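Now for the letters of each chain:
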Amino acid sequence: AAMETRPYSRAELRTVSSGTLAAVQDFEVLIEGVGSVRWPGLTDVRDLVDVLDELVVIAERSVEVYPEGTRKPARGHELNKPALVTLESVHLPRKLAAANDDKVAAQFEEKLRRKLADSGADAEHVSWSRHTGRWVFRVQHF
């Protein structure tokens, strides 16, 4: 699936004014069914339109913003600021899911929290749904 953006589509990002791109409300980059990153508030994307594919990498159960080898701006600028990350398809392993056990689900969610804490990211767990496999967490920067 292709990377999409909201509230403006990839095509619209190329046609709206520079003034509009300087302050995009709740900018979001997503791949349907895989994951997304949403930056609440206003984001300046003027210099990012042509390089979004390099700067935001959304893959199965992972999101990377400013991967190794890309220019990362100072904290608080461009995309290096607080964001809400959603990963889809973060399901319990099949053999555990079969048990349909609340305790097992709670332990898995705790494991996700620990994974986030151990990642070194300045991040906070928001929610995980055992039914949809949707994991949401907040990051302060990338």
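Now for a look at the structure at hand. (Residues numbered from 1 in each chain as written. Predicted model: local features only at pLDDT ≥ 70, side-chain atom pairs only at ≥ 80, totals over all residues. Heavy atoms only, no water.)

**Focus on a positive patch on the surface**
Alright, step 1. A cluster of like positive charges, contributed by R61, K95, K111, R114 and K115, occupies part of the molecular surface.
Alright, step 2. If you tally residues by element for the positive patch, the top one is helix α5 (residues 102-118), at three residues.
Alright, step 3. With respect to the helices and strands, the residue K115 is situated in helix α5. (Patch = residues over 30% accessible without salt bridge, like charges linked within 9 Å, V, L, I, M, F, W, Y side chains within 5 Å. Areas by Shrake-Rupley, 256 points an atom, 1.4 Å probe, with all protein chains shown as cover. Salt bridge = Lys/Arg side-chain N within 4 Å of Asp/Glu carboxyl O. Lys, Arg positive; Asp, Glu negative; His and termini not counted. Charge placed at Lys NZ, Arg CZ, Asp CG, Glu CD. Helix = DSSP H or I, 4+ residues; strand = E, 2+ residues; numbered from the N terminus.)

**A few points about the pairing of strand β7 (residues 123-128)**
Alright, step 1. Two strands pair when backbone bridges link them, and β7 and strand β8 (residues 135-139) are joined in this way by five bridges, in the antiparallel orientation. The residue bridging W128 from the neighbouring strand is W135, located in β8. (Pairing = 2+ DSSP bridges.)

**Considering the side chain of N80**
Alright, step 1. Along the chain, N80 turns up in the loop between β5 (62-65) and β6 (83-87).
Alright, step 2. Side-chain polar atoms of N80 contact the backbone nitrogen of F142, separated by 2.7 Å.
Alright, step 3. Aside from chain neighbours lying at most four places away, what touches N80 is Y66, K72, P73, A74, R75, H141 and F142. (Polar contact = N/O pair within 3.5 Å; in protein donor to acceptor, adjacent residues only side chain to side chain. Contact = heavy atoms within 4.5 Å.)

So, to be careful, I would describe these as geometric facts and stop short of saying anything about function.
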